[in-house]
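# Structure assessment
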Amino acid sequence: LRQKLNNIGEVNALAIDEYKEEKERLDFYEEQIKDLTEAEDQLLKTIDEINNTATERFNATFEKIRVNFQTVFKTLFFEDDKCDLLIEQDVDDPLEAKIEILAQPRGKRPSGISQLSGGEKTLTAIALLFAIYLVKPSPFCVLDEVDAPLDDANIERFANMIKSFSKETQFIIITHNKKTMSKAEMMYGVTMPETGVSRLVGVKMDDVDDAA
């Protein structure tokens with residue numbers, strides 16, 4: 001027995017204190033791991049809630065835009081023209097799905113929007129723009145030369161559409177098209193009476209009509 005005790009060696013008097021220190025460290029790390037695990041679970045749950053909410057809002061908003069697009073498109077073209085917004089099906093994340101624009105004006109059956117004429121592409125783009133705009137209208141809307149590719153007949157349709165929306169929104173249109181200008185209620189231009197001095201000139205079209 002004495003030999004066995006000698007083989008053990010000297011007793012570490014600090015063993016209990018060292019154990020307590022290591023135990024405290026272990027408890028601290030285990031608590032940290034528990035907190036991180038709970039935070040990860042909460043984060044994943046929050047991500048799922050955000051994705052579900054975003055998907056629901058996207059689908060609801062997309063449907064509104066789709067209906068608006070069909071309405072505005074048929075205002076700019078003809079009532080029996082075919083148009084639609086098609087979203088890619090069977091995808092894991094609807095927010096990453098591709099969206100295809102279907103536009104078939106009267107007398108044309110293009111396989112893609114790229115086959116439309118310049119004016120038709122512009123009207124289709126305007127229809128989509130206003131379809132998005134109508135979901136949440138604003139009191140002001142600035143359009144910068146969107147009418148440039150349009151001929152006189154399409155300008156007339158464009159102007160009529162703007163007129164109908166102007167009941168709720170004030171439109172500011174930057175244009176060089178005389179026909180568009182003739183449809184405006186107020187026209188502004190910049191002139192340079194002296195070299196290097198610019199001046200803004202405004203004309204109320206109703207006053208011009210009355211004077212005429």
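This text gives an overview of the structure that appears in the document. Predicted model, so just to flag it, every value in this text is computed and none were measured.

So, how was this worked out
Residues numbered from 1 in each chain as written. Predicted model: local features only at pLDDT ≥ 70, side-chain atom pairs only at ≥ 80, totals over all residues. Heavy atoms only, no water. Patch = residues over 30% accessible without salt bridge, like charges linked within 9 Å, V, L, I, M, F, W, Y side chains within 5 Å. Areas by Shrake-Rupley, 256 points an atom, 1.4 Å probe, with all protein chains shown as cover. Salt bridge = Lys/Arg side-chain N within 4 Å of Asp/Glu carboxyl O. Helix = DSSP H or I, 4+ residues; strand = E, 2+ residues; numbered from the N terminus. Buried < 20%, exposed > 50% of the residue type's maximum accessible area, 1.4 Å probe, protein only. Pairing = 2+ DSSP bridges. Axes fitted to C-alpha atoms, helices over the stretch in contact; angles between N-to-C directions. Parallel < 35°, antiparallel > 145°, perpendicular 65-115°, else oblique. Left-handed = near helix turned anticlockwise from the far one by under 90°. Contact = heavy atoms within 4.5 Å. Nonpolar A, V, L, I, M, F, W, Y, C, P; charged D, E, K, R; others polar.

On the surface, Phe140, Val142, Ile172 and Ile174 cluster together into a nonpolar patch covering about 380 Å² of accessible area. Listed by contribution, the elements that provide at least two residues to the nonpolar patch are β3 (140-144) and β4 (170-174). When you line up the elements, Ile174 lands in strand β4. Judged by its relative accessible area of 40%, Ile174 falls in the partly exposed class.

Our next topic: the pairing of strand β6 (residues 197-204). Direction of pairing for strand β5 (residues 186-194) relative to β6: antiparallel, over a ladder of 7 bridges. Looking at β6, one finds that Thr191 is bridged to Arg199.

Attention shifts here to the packing of helix α2 (residues 15-76) against helix α3 (residues 118-133). For the pair α2 and α3, the least separation of the axes is 8 Å and the interaxial angle reads 140 degrees. Taken together, the axes of α2 and α3 are oblique relative to one another. Crossing hand, α2 versus α3: right-handed. In this structure, α2 contributes Ile65, Asn68, Phe69, Val72, Phe73 and Leu76 to the contact, and α3 contributes Leu123, Thr124, Ile126, Ala127, Leu128, Phe130, Ala131 and Ile132. Residue composition of the contact of α2 with α3, by class: 12 nonpolar, 2 polar and no charged.

The next thing to look at is the environment of Glu79. Note that Glu79 resides in the loop between α2 and β1 (82-87). Given the relative accessible area of 63%, Glu79 is considered exposed. Along the chain, Glu79 and Pro105 lie 26 residues apart, while their C-alpha atoms are 9.8 Å from each other.

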